[in-house]
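Descriptive structure summary
Residue strings, one per chain:
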Amino acid sequence: MSMKTDAQPAVWLGCLSCNNSGHLVGRWFPCDMIEEATLAEVHGGQEYVYPGCEEVLALDSEYLPRGVSEISQLRAAAWGEIFVDVGSDRWEELLAWYENCSPSLDVNGVPSASEFEEADQGCWDSFREFVESWADDCGVFYQWPEDAVRYFDWDKYERDCRHDFTVVDAPCGGVFVFTTCRGGVSL
């Protein structure tokens, strides 16, 4: 099962000085382009940058994990880097993995793309579909007599496999499957 989404992580970058003065000044920036954001762009033009306007903060976010909202420009840029590494077609999977598997985080609070790649088993119509494919790929029935395969108890095998994988409902149907996560939650 393949998921295609247009979800791109973005933050609303606001001027702290202006906000503290009672003026809501800022705009949305995609996380993968946040490093180039200037004070002039945040203010809508250089002529609107006033003395004291020096610090900006991401005050809101879209398509970042739950709980990630007010973050620094540097941390938003780190999320942009992992978005580029993982790609938009697997972003929903990364968010599910982050929110359900307690990955290790770097100094910016961002997980490792390689750790995600290692844990990710893809998006499937059902966990049963994944288990059957996985069993076939691993050669579980290699040199088994056909009669033994026919009477194999898939329900019990699927139940037992739940101890080795974390299964998360995908937003558009189906499930995301990850190798067992530290502190992960299985369905």
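Below is a summary of the structure that appears in this document. Please read all numbers here as calculations on a predicted model, not as lab measurements.

A few words on the packing of helix H6 (residues 127-138) against helix H8 (residues 154-161). Two elements in contact, H6 and H8, have axes separated by 10 Å at closest approach and are oriented at 95°. On the basis of the axis angle, H6 is roughly perpendicular to H8. Between H6, through Phe127, Arg128, Val131, Glu132, Trp134 and Ala135, and H8, the contact on the second element is made entirely by Trp154, Asp155, Tyr157, Glu158 and Cys161. Its residues placed into classes, the contact of H6 with H8 shows seven nonpolar, no polar and four charged.

Let us now look at the pairing of strand E1 (residues 10-15). Where burial is concerned, most of E1 is hidden: six out of the six residues are buried. Two elements, E1 and strand E2 (residues 26-30), share five bridges in a ladder whose sense is antiparallel. Across the sheet, residue Ala10 finds its bridge partner in E2, namely Pro30. As defined by bridge partners, E1 adjoins strand E3 (residues 56-62) across six bridges and the pair is classed as antiparallel. Within E3, the position partnered with Leu13 by the bridge is Ala58.

This part takes up the sheet that holds E2. Taken in spatial order, the three strands of this open sheet run E2-E1-E3, and their pairing is antiparallel. Each edge of the sheet is formed by a strand with only one pairing partner; in this case those strands are E2 and E3. Put simply, the sheet's adjacent strands are angled 30° from each other on average, direction ignored.

This brings us to the packing of aromatic side chains. Following the criterion strictly, the structure yields 18 aromatic pairs and no others. With centroids separated by 4.9 Å and ring planes inclined at 75°, the aromatic side chains of Phe130 and Phe165 adopt a geometry described as edge-to-face. Linking Phe130 in helix H6 with Phe165 in strand E5 (residues 165-169), this pair joins segments that are 35 residues apart in sequence. You'll find Phe130 and Phe165 in the same group, each marked buried. Considering the side-chain rings of Trp134 and Phe165, the 5.2 Å spacing of their centres and the 85° angle between planes classify their relative orientation as edge-to-face. Of this pair, Trp134 sits in helix H6 while Phe165 sits in strand E5; the two residues are 31 residues apart in sequence, bridging distant segments of the chain. Looking at Trp134, the relative accessible area reads 26%, which means it is partly exposed. Judged by relative accessible area, which is 5%, Phe165 ranks as buried. Taken together, the ring pairs connect Trp124, Phe127, Phe130, Trp134 and Phe165 into an aromatic cluster.

Conventions and cut-offs
Residues numbered from 1 in each chain as written. Predicted model: local features only at pLDDT ≥ 70, side-chain atom pairs only at ≥ 80, totals over all residues. Heavy atoms only, no water. Axes fitted to C-alpha atoms, helices over the stretch in contact; angles between N-to-C directions. Helix = DSSP H or I, 4+ residues; strand = E, 2+ residues; numbered from the N terminus. Parallel < 35°, antiparallel > 145°, perpendicular 65-115°, else oblique. Contact = heavy atoms within 4.5 Å. Nonpolar A, V, L, I, M, F, W, Y, C, P; charged D, E, K, R; others polar. Buried < 20%, exposed > 50% of the residue type's maximum accessible area, 1.4 Å probe, protein only. Pairing = 2+ DSSP bridges. Phe/Tyr/Trp six-rings, centres within 6.5 Å; stacked < 30°, edge-to-face > 60°.

Read these as spatial facts, not as claims about activity.
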